[in-house]
Amino acid sequence: MTQPVLRLEGIVKTFPGVRALDGVDLEVRPGEVHALMGENGAGKSTLMKVLGGILQPNEGRIYIAEQPTVMTSPIEAKGKGVVFIHQELSLADELTVAENIFLGELPRKSFGRVDWARLYAETDAILSQLRVRFDARTRVGDLSIANQQMVEIARALTVDPRAVIFDEPTASLTDAEKSVLFDVIADLQKKGVGIIYISHRMEEIFRITDRISVLRDGSYRGTLVTKDTSEDEVTQLMIGRSLDLSRNASHHELGEVALEVRGLSCGHLYRDVSFNVRKGEVLGFYGLVGAGRTEIAETLFGLRTPDAGTIRIDGKEARITSPIDAIRQGIGLVPEDRKGQGLVLGMNCRDNMTLPQVDGLTSGPFVSDGAEIEIFDRYKDKLDIRTPSWRQTVGNLSGGNQQKIVIGKWLSMRPEVLIVDEPTRGIDVGSKSEIHNLIRDLAAQGYAVIVISSEMPEVLHVSDRIVAMYSGKVMREFTSEEVTEDSLIQAISGIVPDRAA
Amino acid sequence: MTALTKAGIGGLLARQGILVAFVVFMIVFAIANPRFIDIDNVSGVIRSSAILGVMALGVTFVVIGGNLDLSVGSMMSFSTIVVLDLHDTLGPTLAIPAMFALTLCLGAFIGFLVGYLRLNSLIVTLGMLSAIHGLTLMWSGGQNMDIADKWGTWFGFFGRGSIAGVPVPILMFALAAVVLSLVLSKTPFGRKVYAVGGNGTAATFSGVPRARVVFMTYIISAACVATAGLMQASRSLGSQNTVGQGMELEVLAAVILGGASLLGGSGTIFKTVIGVLILGFIQNGLLLIGLEFYVQYVVTWVIIILAVWLDVAAKRSRLWSPIA
């Protein structure tokens, strides 16, 4: 048997009061893609920080090619051939691709002058391995996110890596870009590089990995061979139960039309968009990133001004020019970027939840503590938000609980229409199904809900009807009975359906 | 167990570090020179900190809202000169409201540029520091401003008077602190200031009128500056054009020392008051142990750096600890 490129043995890391890692083992063989899975807070990031030399373990050892090794800094890790490709990009926008890739180690000529010719030649050599369509001289800020990720990968290839760690690399990639990434991973595999692949996305895990190691609450739960296991088994290992993702259309009666949009257009973002949502219904918006879904939501919420079209809420024509207008007319938006748009992370749970209505919660000139706590407690119970107290800073909650705070924020306003953009982005598997059930419950209680999602299983699971968008246009509307995965993919890829079939 | 105790002490230091440092400092200086905690000395320090303190209260709003205000020093000179000049032309009863109105106009202008036009507050207020200084000189013609009849006016009340033995400046500082503390911690507006400074985008997405909130923080700051200018003019009954020069940095030092983050979204009025007192007592303490007045400038800077460093170090250690 070949010796592993990388082995972690009995890693323990404690923080005051918390045992973040409790004796974790991990072994990566040459040419293997090894998935590391676990819910948010399970210890994946802590483990990778230990491996990258950012944190020192309290116990346990790291072996590189079976040599016991102490990692003291990220630079040392890189020197030993352990390279990280982070989810959050760390590139300098104003510099060229070549400068970013060789940042800090630019090739030199005499008197410390940069050897540009060699820099560009070496960069282009690396880029050609990655089969990308930009060159060494391109300014990084001009590249798409996916291509920026490629630059990050190219940076990893400047050393001869033994092991490459990908942390949620596909979070912002389109399908085409993903397959390029997977080709790159396959190339690395052929060279005998060991790969650790961190992701929440099951389909990818099953497509490209050889083995899966699972962490739960900081402890090692076991390693499965990918081809011998199932999504269910992995999920159970991660959360201790299995997950239901079946179709789930409403069984209750739908009410009147809550929101009707006719011929809405906004520049080149989207054109002539029409749809309606009834009370008690979940309308799914599915499409690729950039298809115009989020922009429609932002228009309904008063963050963008449309060029043409009408919006009717409860049959009355609505003029919405600011979020304040939108809120007053009964629209709530759970935005796609939870941390950037949804929450003030440094504020406590209660204050975040009551923020849009704080003007109405006063007794005399002052905010009434009692009224606020009452609202918070009601929605804490209703949405099963797990936090020790309303005083808890929102930034300290898990992704799922944070999302529930944002949802609670709008529910407590009793909206006519609730728009939820990417409801489960960055949320771990266990909380995902809770959020899905919550959305179904809201519909059952008579709310009109619009769900925007880039994940097909999610859209299929929660929606009564699905609007498929492609490049700013509504391609087709499906009911949950007639929709198939194939027809949905065709619609969002711009393929006009064959009516005869 | 030891780990938990450590976390407890560490946590106390992180939360109340400034207060602990303050108490330690007072004890050390009191042992070095018992006069330091003499009631007359303490009252004197608070009284001389009151003007700076009132300005710091206003700047606390601006800083929590995520912006800076470097114009308060020269704005205070402006208020002082204007109210002294108008005292002799309009009489004190009209001079005071007129000076407030003019100062609030300056605050509104800054608030408009930073809030509605979304210009960088550092650039805007740094520019205003210079522009307002120019306005002050234009108003005064570069001359010192003095009240003609210093003994025949009640105007000295705000800087020199006392009620039940307590100096009026201290009462005004205390009153302003209580009122503004209630505004910041208890009203919907105060909540919005924290939200806008903590995450302006999320505040907008929650229907908070970000521009108006930022605008209002500058109005509050200007109102505090006008109050400080009144106190200053009333105390001296005459003034140079440069009376507030350099105070913007001391004010900022007090606010940061109190623990408001320069990134916005955190801080309280109580903490700022502590910051003001620390600064005042340190400067006083240095004089009492016989150091020259000029040393204060250097020490103030060292204190700012120390406070920022403590703040950053505490945040970093929190970043590395896991989310429980």
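Residues numbered from 1 in each chain as written. Chains lettered and ligands numbered in written order. Predicted model: local features only at pLDDT ≥ 70, side-chain atom pairs only at ≥ 80, totals over all residues. Heavy atoms only, no water.

Under an unreviewed UniProt entry, the name given to chain B is Ribose ABC transporter permease, and the source organism is Roseivivax halodurans JCM 10272. Under the UniProt heading Subcellular location (unreviewed entry), the note attached to chain B is "Cell membrane". (UniProt positions renumbered as here; feature names shortened; annotations may be inferred.)

By the naming in an unreviewed UniProt entry, chain A is Ribose ABC transporter ATP-binding protein, taken from Roseivivax halodurans JCM 10272. The record in UniProt for chain A states the following under Subcellular location (unreviewed entry): "Cell membrane".

(A) A look at the overall build of chain B. Per the secondary structure count, chain B includes 13 helices and four strands. For chain B, whose C-alpha radius of gyration is 20 Å, the value lies close to the compact-globule estimate of 20 Å for 324 residues. Its C-alpha atoms put chain B at 70 × 55 × 35 Å along the principal axes. Here chain B, with 324 residues, has 51% of them falling under the buried criterion. Here chain B has roughly 14600 Å² of accessible surface; of this, 70% comes from carbon and sulfur atoms. Averaged over its 17 positive side-chain charges, chain B has a centre that lies 20 Å from the centre of its 11 negative ones. (Helix = DSSP H or I, 4+ residues; strand = E, 2+ residues; numbered from the N terminus. Rg over C-alpha atoms; globule rule 2.2 N^0.38 Å. Buried < 20%, exposed > 50% of the residue type's maximum accessible area, 1.4 Å probe, protein only. Areas by Shrake-Rupley, 256 points an atom, 1.4 Å probe, with all protein chains shown as cover. Lys, Arg positive; Asp, Glu negative; His and termini not counted. Charge placed at Lys NZ, Arg CZ, Asp CG, Glu CD.)

(B) A look at the overall build of chain A. Helix and strand counts for chain A come out as 17 helices and 22 strands. By principal-axis analysis of the C-alpha atoms, chain A measures approximately 70 × 50 × 50 Å. For chain A, with 501 residues in total, the buried portion stands at 52%. Counted over contacts in chain A with a minimum sequence separation of 6, partners at least 24 positions apart contribute 64%. (Contact = heavy atoms within 4.5 Å.)

(C) Examining the sheet that holds strand S11 (residues 257–266) of chain A more closely. Residue and element names in this part refer to chain A. If you walk across this open sheet you meet the four strands as S12-S11-S14-S15, and the pairing is antiparallel. For this open sheet the edge positions go to strand S12 (270–278) and strand S15 (316–317), each flanked by a neighbour on one side alone. The pairing of strand S14 (residues 308–313) with S15 spans two bridges and is antiparallel. Directly across from Ile 313, in S15, lies its bridge partner Lys 316. Helix H9 (residues 293–300) contacts S11, S12 and S14 of the sheet and is inclined by roughly 70 degrees relative to S12. (Pairing = 2+ DSSP bridges. Axes fitted to C-alpha atoms, helices over the stretch in contact; angles between N-to-C directions.)

(D) Layout of the environment of B:Asn199. One can find B:Asn199 in the loop between helix H8 (188–198) and helix H9 (200–205). A residue is classified by how much of its surface remains accessible, and B:Asn199, at 13% relative accessible area, is buried. Taking the C-alpha atoms as reference points, B:Asn199 and B:Gly65, separated by 134 residues in sequence, lie 9.4 Å from one another. One polar contact links the side chain of B:Asn199 to the main-chain carbonyl oxygen of A:Lys339, over a distance of 3.1 Å. (Polar contact = N/O pair within 3.5 Å; in protein donor to acceptor, adjacent residues only side chain to side chain.)

(E) Spotlight on the pattern of salt bridges. A complete count under the given rule lists 34 salt bridges over all chains for this structure. The residue A:Arg7 makes a salt bridge to A:Glu9 at a minimum N-O spacing of 2.8 Å. Among the ionic pairs, A:Arg465 bridges to A:Glu477, the shortest N-O distance being 2.4 Å. Note that A:Arg465 is positioned in strand S21 (residues 465–470) and A:Glu477 in strand S22 (residues 473–479), a separation of twelve residues in sequence. Note on A:Arg465: relative accessible area 13%, which makes it buried. A relative accessible area of 33% means that A:Glu477 is categorised as partly exposed. Each of A:Arg350, A:Asp351, A:Asp369, A:Glu372 and B:Arg191 takes part in salt bridges that share partners, so that together they form one network. (Salt bridge = Lys/Arg side-chain N within 4 Å of Asp/Glu carboxyl O.)

(F) Main features of unusual backbone geometry. All names here are of chain A. Of note, Glu 66 is a non-glycine position whose phi angle comes to about 65 degrees, a positive value. Taking relative accessible area as the criterion, Glu 66 reaches 29% and is therefore assigned partly exposed. Even without being a glycine, Phe 111 presents a positive backbone phi close to 55 degrees. For Phe 111, a relative accessible area of 82% puts it in the exposed group.

(G) Representation of the side chain of A:Glu32 in the model. All names here are of chain A. Note that Glu 32 resides in the loop between strand S2 (18–28) and strand S3 (33–37). Within the structure, Glu 32 has its side chain in polar contact with the side chain of His 34 (distance 3.4 Å). A polar contact is formed between the side chain of Glu 32 and the side chain of Arg 211, at a distance of 2.4 Å. Here Glu 32 is in contact with Glu 27, Val 193, Gly 194, Ile 195, Asp 210 and Arg 211, once residues within four sequence places are set aside.

(H) Layout of the interface of chain A and chain B. Each partner contributes to the interface: chain A provides 36 residues, whereas chain B provides 27 residues. When chain A packs against chain B, close to 2500 Å² is buried across both sides, 70% of that on carbon and sulfur atoms. Across the chain A-chain B interface, the total number found is three salt bridges. Between A:Asp351 and B:Arg191 there is a salt bridge, with the nearest N and O atoms lying 3.3 Å from each other. Residue assignment for the side of chain A that touches chain B shows that the elements contributing at least two residues are helix H10 (323–328), helix H11 (338–342), helix H12 (349–354), strand S18 (366–367) and helix H14 (399–411) of chain A. In terms of residues, the side of chain A that touches chain B owes the most to one element, H11(A), which gives four residues. Of the residues contributing to the side of chain A that touches chain B, the split by class is 21 nonpolar, eight polar and seven charged. (Buried area = accessible area lost by both parts, 1.4 Å probe. Nonpolar A, V, L, I, M, F, W, Y, C, P; charged D, E, K, R; others polar.)

(I) Representation of H9(A). Most of H9(A) sits out of view: eight of its eight residues are buried. After H9(A) finishes, the residue A:Gly302 shows a positive phi value of roughly 85 degrees.

(J) Quick look at the nonpolar core. Residues B:Met55, B:Leu57, B:Phe155, B:Ile269 and B:Phe281 are the most contacted members of the largest nonpolar core, which totals 97 residues. The leading source of residues in this core is helix H2 (residues 39–64) of chain B, at 13 residues. Setting aside residues no more than four positions away along its own chain, B:Phe155 makes contact with B:Val83, B:Leu84, B:His87, B:Pro92, B:Ile96, B:Ile147, B:Leu230, B:Ala233, B:Ser234 and B:Leu237. Counting 62 residues, the second largest nonpolar core, distinct from the first, contains A:Val261, A:Ala291, A:Val417 and A:Val451. (Core = buried A, V, L, I, M, F, W, Y, C linked by side-chain atoms within 4.5 Å.)

(K) Spotlight on the domain arrangement of chain A. All names here are of chain A. According to the domain assignment, chain A contains domain 1 (6–239) and domain 2 (257–492). Taken over C-alpha atoms, the centre of domain 1 sits 34 Å from the centre of domain 2. Tallying the contact residues gives six residues for domain 1 and six residues for domain 2. Together, the buried faces of domain 1 and domain 2 total about 670 Å²; carbon and sulfur atoms form 59% of this surface. Counting every contact that joins domain 1 to domain 2 gives zero salt bridges. Put simply, domain 1 and domain 2 have zero residue pairs in polar contact (both at pLDDT 80 or more) between them. (Domains from an automatic or database assignment.)

(L) Up close: the environment of B:Ser236. Residue and element names in this part refer to chain B. Note on placement: Ser 236 falls in helix H10 (residues 210–236). For the pair Ser 236 and Asn 33, spaced 203 residues apart in sequence, the C-alpha separation works out to 30 Å. With sequence-adjacent residues up to four places away left out, Ser 236 is seen in contact with Lys 150 and Arg 160. Looking at Ser 236, its side chain comes within polar contact range of the main-chain oxygen of Gln 232, at 3.0 Å.

(M) Spatial organisation of the pairing of strand S1 (residues 6–15) of chain A. Residue and element names in this part refer to chain A. In terms of burial, S1 is largely enclosed, as seven of its ten residues are buried. In this sheet, strand S4 (residues 59–64) lies alongside S1 in antiparallel orientation, the contact comprising five bridges. Paired with Val 12 across the two strands is Glu 59, which belongs to S4.

(N) Spatial organisation of the sheet that holds strand S13 (residues 282–287) of chain A. Residue and element names in this part refer to chain A. The sheet built from six strands is open, its strands ordered S16-S19-S20-S13-S21-S22 with mixed pairing. The sheet is open, and its two borders are formed by strand S16 (331–334) and S22, each paired with just one other strand. Here the average twist between neighbouring strands, direction ignored, is 20 degrees. Bridge count between strand S19 (residues 417–421) and strand S20 (residues 448–453): five bridges; the pairing is parallel. Paired with Val 420 across the strands is Val 451, a residue of S20. Each of S16 and S19 is contacted by H14, which is oriented at about 175 degrees to S16, the strand it contacts most.

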